[in-house]
Amino acid sequence: MGGLSIRIEGLNISAELACSIAQEDFYLWNDAMQSPWLTVVNLSDCRPCDVKSYLARFPCRNIVALLAPEQGELAAAAMRAGVQDYLLIPVETEQLLASIQRLRRLELPDSSLVVSAAVSRQLLMLAHRAATTEASVLLLGESGTGKEPLARYIHRHSSRSHKPFVAINCAAIPESILESVLFGHVKGAFTGAICDKAGKFEQANGGTLLLDEIGEMPLPLQAKLLRVLQEREVERLGGQHVIPLDIRIIASTNRDLRQAVEFGHFREDLFYRLDVLPLKIAPLRERKADILPLAEHFLGLYGQSDNASRCYFSEHARQVLVTYDWPGNVRELENCIQRALVMRRGQAIQVAELGLNIQEETLELEPLGATEGLKASKQQAEFQYIIDVLKRFNGQRTLSAQALGMTTRALRYRLVQMREAGIDIETLLDQAA
């Protein structure tokens with residue numbers, strides 16, 4: 001059977017809905033032997049504190065919740081529990097199909113964004129919703145979380161995708177020339193203006209303009225920006241002609257703009273003009289499931305010219321990547337992988353080659369997913385970890401030693417220790433074969 005399976009719980013499936021699902025190349029799930037691609041589940045009778053345990057009954061990567069109106073607390077609990085989207089009851093067929101199609105687009109390969117964590121998938125669903133509108137979007141998040149890639153993603157999935165995407169960093173341009181860069185100027189408008197020049201608003205006309213780090217824009221310029229956004233027209237410095245604008249505005253900031261408004265550092269009227277659809281990007285430390293997929297993505301991206309596509313991270317390096325806090329977020333991770341590719345001495349990238357500022361005790365070998373019994377004995381945990389790596393490489397000592405971050409000679413010494421401790425290594429490896 002072609003298409004993707006959809007499980008619907010707690011909702012009467014009308015003939016119209018079943019027909020619409022089939023027309024979109026989906027089918028209703030009825031196979032208890034495998035998980036559905038999507039579960040649509042009615043949570044309206046569930047208490048917020050029970051949401052997580054209730055959803056555990058429906059193991060599925062994609063979940064859409066159905067809620068009654070005025071169940072805001074329940075909606076928040078559902079999103080925290082990993083639900084990608086929610087719809088209000090009574091559910092309209094078109095709304096359900098639109099939500100399903102947004103989820104389907106998340107499965108399509110996209111080299112610009114790598115998402116695996118539930119919170120990242122939720123954000124991308126919201127970005128899809130934002131892309132279908134003309135409303136202004138405000139991207140919030142720490143430096144390096146990927147605000148500009150998300151802005152480009154929204155533009156690429158909007159009706160303006162065939163028009164220009166223009167980005168300007170409001171914090172990187174001196175205040176004295178920022179107005180000219182934004183609005184343009186005519187010849188002779190000021191010293192050095194030797195010709196007419198279009199500003200960023202004109203360059204992005206018909207498309208999307210990203211005002212990056214909008215929180216750093218000086219107050220006098222904020223007033224002029226507000227007028228342009230309200231009137232949807234711009235006039236070049238020194239000019240007399242008004243230029244109509246048909247433009248989508250996306251702004252981004254790593255500052256708390258509400259607090260900036262309270263302190264008088266940001267205009268309240270401009271804030272509400274920009275804060276129509278706020279999207280908050282979580283820091284990398286709060287979406288651990290994204291770290292390894294992003295690291296693998298950067299490894300492939302920057303390793304192509306260095307024949308490094310055959311490179312991989314040692315098991316210990318993978319642990320450190322996941323447990324590190326990444327204060328610089330995705331940008332720091334990207335730089336880390338580039339550095340590791342330069343510093344690597346073999347196919348397996350080791351912890352030291354990542355160049356992270358971590359404590360020595362973090363470098364101690366710890367097994368992934370070790371049970372509480374194994375953790376009680378450091379040596380036993382280490383022995384079990386070595387066996388797991390040997391199984392992964394079908395007993396090949398050289399590859400296993402590289403993955404463990406040790407020499408082949410050191411691995412042979414550990415194997416002797418393990419045999420002396422009564423561990424039958426060959427039997428364990430044969431059982432895994």
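This one's a predicted model, so the numbers in the text were calculated from it and none came from an experiment.

### A few points about the overall build of the protein
No. 1: Looking only at helices and strands, one finds 20 helices and 16 strands in the protein.
No. 2: For the protein, the proportion of contacts with a sequence separation of at least 24, taken over those separated by at least 6, is 66%.
No. 3: Working note: accessible area of the protein is about 22,400 Å², and carbon and sulfur atoms make up 49% of it.

### A look at the environment of Leu106
No. 1: Position of Leu106 relative to the elements: it lies in helix 4 (residues 93-107).
No. 2: In this structure, the C-alpha to C-alpha distance between Leu106 and Met125, residues 19 residues apart in sequence, is 7.9 Å.
No. 3: Once residues within four sequence positions are removed from consideration, Leu106 is found in contact with Arg121, Leu124, Met125, His128 and Tyr153.

### With respect to helix 18 (residues 397-404)
No. 1: Among the residues making up helix 18, those that are buried are Ser400, Ala401, Ala403 and Leu404. Looking straight down helix 18, one finds that the buried residues subtend no more than 160° of arc, so they occupy a single side.

### What about the packing of helix 5 (residues 118-131) against helix 6 (residues 147-156)?
No. 1: Orientation of helix 5 relative to helix 6, taken along the N-to-C sense of each, is 45°, at an axis distance of 8 Å. In terms of their interaxial angle, helix 5 and helix 6 are classed as oblique. At the point where helix 5 passes helix 6, the crossing takes the right-handed sense. Only Leu150, Tyr153 and Ile154 of helix 6 make contact with helix 5, whose side of the interface consists of Leu123, Leu124, Ala127, His128 and Ala131.
No. 2: In the contact of helix 5 with helix 6, the residues fall into seven nonpolar, one polar and no charged.

### Quick notes on unusual backbone geometry
No. 1: Of note, the amide linkage connecting Ile89 to Pro90 takes the cis form, showing an omega dihedral of 0°.
No. 2: Following the sequence through the fold, Pro90 ends up in the loop between strand 5 (85-88) and helix 4.
No. 3: For Asn329, which is not glycine, the phi torsion reads 60° and is therefore positive.
No. 4: By relative accessible area, Asn329 is classed as buried at 0%.

### Some words on the pattern of salt bridges
No. 1: Evaluation of the coordinates by the stated rule reveals 16 salt bridges.
No. 2: We note a salt bridge from Glu353 to Arg345, for which the minimum N-O separation is 3.7 Å.
No. 3: You can call Glu353 buried: its relative accessible area is 6%.
No. 4: In this structure Arg345 comes out as exposed when scored by relative accessible area, which is 71%.
No. 5: Each of Asp85, Arg102 and Arg129 takes part in salt bridges that share partners, so that together they form one network.

### Focus: the sheet that holds strand 2 (residues 26-28)
No. 1: Spatially, 2-1-3-4-5 is the arrangement adopted by the five strands of the open sheet, whose pairing is parallel. At either margin of the open sheet sits one strand with a lone partner, and together these are strand 2 and strand 5. Adjacent strand axes in the sheet meet at a mean angle of 25°, parallel and antiparallel pairs treated alike.
No. 2: With four bridges joining them, strand 1 (residues 4-9) and strand 3 (residues 38-42) adopt parallel strand pairing. Residue pairing across strands places Ile6 opposite Leu38, the latter belonging to strand 3.

### Thoughts on helix 1 (residues 15-23)
No. 1: Three or more residues of helix 1 are buried, namely Leu17, Ser20 and Ile21. Taken around the axis of helix 1, the buried residues stretch over an arc of 100°, which confines them to a single face. With respect to the buried face of helix 1, the exposed residues turned more than 90 degrees away are Ala15 and Gln23.
No. 2: Looking at the residues trailing helix 1, positive phi occurs at Asp25, about 70°.

### Regarding the sheet that holds strand 7 (residues 165-169)
No. 1: Ordered in space as 7-10-13-6-14, the five strands form an open sheet in which the pairing is parallel. Strands at the two margins of the open sheet, each flanked by one partner only, are strand 7 and strand 14 (277-280). Strand-to-strand twist of the sheet, defined as the mean angle between neighbouring strand axes without regard to direction, takes the value 20°.
No. 2: As judged from the four bridges shared by strand 10 (residues 208-212) and strand 13 (residues 248-253), these two strands associate in the parallel manner. Of the residues in strand 13, the one forming a bridge with Leu210 is Ile250.
No. 3: Helix 6 rests against strand 6 (137-140), strand 7, strand 10, strand 13 and strand 14 of the sheet, and its axis sits at about 150° to strand 6.

### Examining the pairing of strand 13
No. 1: With six of its six residues buried, strand 13 lies for the most part within the structure.
No. 2: With burial as the criterion, each face of strand 13 is covered, one bearing Arg248, Ile250 and Ser252 and the other bearing Ile249, Ala251 and Thr253.
No. 3: Direction of pairing for strand 6 relative to strand 13: parallel, over a ladder of four bridges. Bridge pairing in strand 13 links Leu138 to Ala251.

### Thoughts on the nonpolar core
No. 1: Residues Ile6, Leu38, Val40, Ile100, Leu139, Leu150 and Ile154 are the most contacted members of the largest nonpolar core, which totals 34 residues.
No. 2: Looking at this core, the elements with two or more residues in it are strand 1, helix 1, strand 3, strand 4 (62-67), helix 4, helix 5, strand 6 and helix 6.
No. 3: Of the residues forming this core, the biggest block, six residues, is contributed by helix 5.
No. 4: Filtering out sequence-adjacent residues up to four positions away, Leu139 remains in contact with Lys147, Leu150, Ala151, Ile154, Ile250, Ala251, Ser252, Thr253 and Leu279.

The rules behind each value
Residues numbered from 1 in each chain as written. Predicted model: local features only at pLDDT ≥ 70, side-chain atom pairs only at ≥ 80, totals over all residues. Heavy atoms only, no water. Helix = DSSP H or I, 4+ residues; strand = E, 2+ residues; numbered from the N terminus. Contact = heavy atoms within 4.5 Å. Areas by Shrake-Rupley, 256 points an atom, 1.4 Å probe, with all protein chains shown as cover. Buried < 20%, exposed > 50% of the residue type's maximum accessible area, 1.4 Å probe, protein only. Arc of directions from axis to C-beta. Axes fitted to C-alpha atoms, helices over the stretch in contact; angles between N-to-C directions. Parallel < 35°, antiparallel > 145°, perpendicular 65-115°, else oblique. Left-handed = near helix turned anticlockwise from the far one by under 90°. Nonpolar A, V, L, I, M, F, W, Y, C, P; charged D, E, K, R; others polar. Salt bridge = Lys/Arg side-chain N within 4 Å of Asp/Glu carboxyl O. Pairing = 2+ DSSP bridges. Core = buried A, V, L, I, M, F, W, Y, C linked by side-chain atoms within 4.5 Å.

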